[in-house]
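Observations on the three-dimensional arrangement
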Amino acid sequence: MSGSEQTSDNLGALPLDSAARGIPAAAVARLALYLRSLNSLLAQGAERISSETLAEAAGASSSNVRKDLSYIGSHGTRGVGYDVRYLARQIEIALGLTEEWRVAIIGAGNLGKALARYGGFESRGFEVVAVLDSDQLVIGREIGWLRVCDIADLAGVLERTRANMVVLAIPAEAAQKISDQVVAAGVRSILSFAPVALQVPADVEVRKVDMATELQILAYRSRARQ
């Protein structure tokens, strides 16, 4: 990489930890899409990419690409574009993907099984280290390479596996009680598929995946286009 390119992509004036905290949620979501596209380009041997090409690959506008990447201090080089490997690394750092994320899935029903068997997590920086359930008919069975653990030993499993992120794939009525136990065990990152608002301390990050709401939004947008 030439000296001019290093200057244009240098993050020295904008520490990544500060940048990550100030990135809007919508931009964070798009950065994840850019990273997926960049990794695909790397697999194809690409070395540089323009904002227009990245926008097309990620399904965004080129203006969004340039603005989103400016949050992490990356501005590319006019007429040359972005260094693919370097940009992918900077997005990984901004999104916290250079840390070790060890995921425990709570709930071994259809959704939990599907998540546990999904092969795309590890390539994106997430290792599924445990699956737990309360059903005695399920406990001890294998899902992929993992054996389902008893949720009665939740704290012990989280400690042994060093899980620092939990996915809740459980019914709404059990979600708050289990999330309380997860927080008590020291986990501060929760992704919940339960259709209920969880009450957690201010230092705990919860992301809720509500399929019904997403379908409603999709239906509204589809009808609005008619």
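Cut-offs and rules
- Residues numbered from 1 in each chain as written.
- Predicted model: local features only at pLDDT ≥ 70, side-chain atom pairs only at ≥ 80, totals over all residues.
- Heavy atoms only, no water.
- Helix = DSSP H or I, 4+ residues; strand = E, 2+ residues; numbered from the N terminus.
- Buried < 20%, exposed > 50% of the residue type's maximum accessible area, 1.4 Å probe, protein only.
- Contact = heavy atoms within 4.5 Å.
- Areas by Shrake-Rupley, 256 points an atom, 1.4 Å probe, with all protein chains shown as cover.
- Pairing = 2+ DSSP bridges.
- Axes fitted to C-alpha atoms, helices over the stretch in contact; angles between N-to-C directions.
- Phe/Tyr/Trp six-rings, centres within 6.5 Å; stacked < 30°, edge-to-face > 60°.

Turning to the overall build of the protein chain, a few remarks are in order. Looking only at helices and strands, the protein chain features ten helices and ten strands. Here the protein chain, with 226 residues, has 38% of them falling under the buried criterion. Within the protein chain, contacts between residues at least 6 apart in sequence are counted, and of these 60% link residues at least 24 apart. When the accessible area of the protein chain is evaluated, it comes to approximately 13,100 Å², of which 51% is carbon and sulfur surface.

What follows concerns the sheet that holds strand β7 (residues 149–150). If you walk across this open sheet you meet the six strands as β7-β4-β3-β8-β9-β10, and the pairing is parallel. Both outer strands of the open sheet, β7 and β10 (205–208), are each paired with one neighbouring strand and no more. Pairing of strand β9 (residues 189–192) with β10, which is carried by four bridges, proceeds in the parallel orientation. The residue of β10 that forms the bridge with S192 is K208. Of the strands in this sheet, β3 (101–106), β8 (165–168) and β9 are in contact with helix α9 (residues 172–184), which crosses β8 at around 170°.

Moving on, we get to unusual backbone geometry. Phi angles above zero are rare outside glycine, and R162 is one such case at about 60°. Looking at the element boundaries, R162 is found in the loop between α8 (154–161) and β8.

Looking now at the packing of aromatic side chains. If you walk through the whole model with that rule in mind, you get one aromatic pair. Ring centres of Y118 and F121 lie 4.8 Å apart, and the angle between their planes is 85°; this geometry places the pair in the edge-to-face category. For Y118, a relative accessible area of 43% puts it in the partly exposed group. Of the residues examined, F121 reaches a relative accessible area of 24% and is grouped as partly exposed.

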